Structures are given as structure tokens and as C-alpha cells.
Amino acid sequence: MPRETVHKYATAEVLLTDAVRLDAERFAIASAWHRDHFLDDLGGPTSDPVLLAETARQAAIHLSHRFHEVPYGHHFVLGELAVELDGPLPAPGAAAPLALGLDTHCEHTERQPRRTKLELNAEAYTEHRRLGRARVRWEALEPRRYALLRKRGAAGSGADPAPEPVRAVPLPPARVGQRQDRDVLISADPARRHRWWLRLDAEHPVLFDHPSDHIPGMALMAAFRQVALVTATDAAQYVRSLVTRFTSFGELDLPVSVTAEHLAGTAGTGRAVTLLLRAEQAGRELASARVECALPCADRQLAGATC
């Protein structure tokens, strides 16, 4: 798939391989996941659910340009990005990528002369087995309108860059399911439990594949996933559901805090833990996420199985 059709600079970051229109709003999307992607989850038996979210996001961009008449040069602003899994996502093999198919429904939810809102819903399959589903809601804006929106939405415009939080402690890569320090997106706050600070590396080859004037939405979603893993419980088996809603642009030179709270009645009991996460900057919410982490079965005879 041509990299410009999914807004990527590096060919290696293109996850789609083909797209076919089935009817007015239904499409078949083919994708390939490679073993060396930073979201392949420590090279273990599962993949990060954010990898499915990124696949759906690329599908949304590609379909917008190819089939929904959105011109190149328009800006895409995420409103919601969600994944809901039937079980842990399989990982690519050591010798070959993992082939996925997306049965996709993509439609306009609002159309105006200078802005367009769309929604994509997709079910993901591999080897005829359903893995789960993904949803993307976004808005395509012509450059002038985007520039006005971006200027109004800037936080701390003209202010000196805020200092990094004192004594914020980066977590070990394995603690958040990563292999390299550069892929750790959160630092612990020693002064407050259940609060973390976003770590951004502007040279990250995936999250900053191309220049951006704001914090990428995928960086926030990946950070939410990492916070969920360290917050839910040490016994959490995998992230089963991750629904992220984006509300404001995040500035690259101001710190971002991420807080987590257990929703009522879910703190480590039952079959799952459900968390509400919030990313805030300069007193404004940038994004929030509802995350559900599956727990292993309590019955020892079913050790290792998912309830």
C-alpha cells in the first residue's frame, strides 16, 4: 500500500496491504503485522491491542482518500479510537508476518463544505477466526480551518515551556510490556499514587514517523495501555477493551499527567478490572480512556485460561 495513502513516511510503518470496496459503505481491508514492530509485546505470544487500533486508524485514512473523496493535504483529527477483543491478540511469527483481514463499514456522519466527519467500524479476523472489533471516529479538515482550530485549541501559547515533574521515575520496559527504554511512555510520580507523566521522544521512529505540531493521538493511547497494565493488578492477563476519546490538542513542550481510577465495584474482583484514565495538560483534559483488563480464572484447574 503506498505510504502516503496512510500518512506514513516510512514504508515499514504501513500496516495495510490491500483494500477492496464491497458496496457503498462496506470494505475488505488486508493487513500484515511484522515481528519487529514496537507493539508486538516483548516478542511474546500476544500483540498489543494498540496495534489493532493503529491498523484501523490507517484504514480510516486510506478509505477517506481513496473512496470518500477527502483530498490529500487535509488534516485528520481523531475523536474516538476503540478496540474490543475476543481474547489476546496473536503475535506475528518469527519468519512471516501475521495476516489480518478487516470487515469494515465506513460512512459519513456529517458532511459540510470545509469539514467532514466519518466513522469506521471493523471486525478483525485471522485464519477465519474473529479477533475482535475496532472503531474510529474522526474529522477531516481543510488546512485553513485546521489552522484556525489549532490556534484556538493551543494550550499555553506564548508561555515558557513547563519543567519536567521533579523526580518522575521511568518504569522498566518489561513492566509495561516493551523491550526498549525509548518505548516506555510513562514515568511514575513518587508523590502521588496512580499518577504518571507522559514521556515523549520526538525521535521515536513509530510515534513520530513524521513531524507533528501536537502530541500524536496514538502516543496517548499507547500510554493509556501502559498505565492500565501497571494499575489494574499484577494478575491482569491482557487488555480486553480500550476506548479512547480525544478532546483537546496536546502541546509538545508542556508536561502531561495521566491519572487512573478503578471504577466502582471493579477493583481486582470478578473477571475483569475496569479503569478510567485521564490525560491532562495545563489544566485541560486531552483525552480519556475506559480500559478493561481481563483477569485469569480463579479456579486453579483453569490456570492460565481466561474467564
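So, a few notes on the structure that sits alongside this text. (Residues numbered from 1 in each chain as written. Predicted model: local features only at pLDDT ≥ 70, side-chain atom pairs only at ≥ 80, totals over all residues. Heavy atoms only, no water.)

Right, let's get into the packing of aromatic side chains. Describing an aromatic ring pair means giving the distance of the ring centres and the angle of the ring planes. Counted according to the given criterion, the structure contains 2 aromatic pairs. Seen from their ring centres, Phe27 and Phe67 are 5.0 Å apart, and the 40 degrees between their planes marks the pair as tilted. One end of the pair, Phe27, is in strand 2 (residues 26-33); the other, Phe67, is in helix 1 (residues 49-67), with 40 residues separating them in the sequence. Here the two residues Phe27 and Phe67 agree in accessibility, since each one is buried. Ring geometry for Tyr146 against Phe249: centres 5.9 Å apart, planes inclined by 90 degrees, an arrangement best described as edge-to-face. Of this pair, Tyr146 sits in helix 2 (residues 143-153) while Phe249 is found in the loop between strand 12 (238-246) and strand 13 (257-262), placing the two residues 103 residues apart along the sequence. Using a relative accessible area of 11% as the deciding quantity, one classes Phe249 as buried. (Phe/Tyr/Trp six-rings, centres within 6.5 Å; stacked < 30°, edge-to-face > 60°. Helix = DSSP H or I, 4+ residues; strand = E, 2+ residues; numbered from the N terminus. Buried < 20%, exposed > 50% of the residue type's maximum accessible area, 1.4 Å probe, protein only.)

Here Thr231 shows up in helix 3 (residues 217-232). Note on Thr231: relative accessible area 7%, which makes it buried. Separated by 2.7 Å, the side chain of Thr231 and the backbone oxygen of Val227 make a polar contact. Other than its neighbours up to four places away in sequence, Thr231 contacts His194, Trp196, Ala260, His262 and Leu275. (Polar contact = N/O pair within 3.5 Å; in protein donor to acceptor, adjacent residues only side chain to side chain. Contact = heavy atoms within 4.5 Å.)

Moving on: the pairing of strand 2. Both strand 1 (residues 16-21) and strand 2 contribute to a ladder of 5 bridges, which runs antiparallel. Counterpart to Val20 in the pairing with strand 2 is Ala28. With antiparallel pairing between neighbouring strands as the criterion, strand 1 and strand 2 make up a hairpin whose turn holds 4 residues. Here strand 2 pairs with strand 6 (residues 98-112) via 8 bridges, running antiparallel. In the sheet register, Arg26 faces strand 6, and the bridge partner there is His105. (Pairing = 2+ DSSP bridges.)

In a regular helix each residue adds 1.5 Å, so 16 residues correspond to 22 Å; helix 3 covers 22 Å between its end C-alpha atoms and thus fits that length. For helix 3, a buried count of 15 out of 16 residues is recorded, marking the element as mostly surrounded by other parts of the structure. (Expected span 1.5 Å × (residues − 1).)

Geometric values such as these leave the question of function open.
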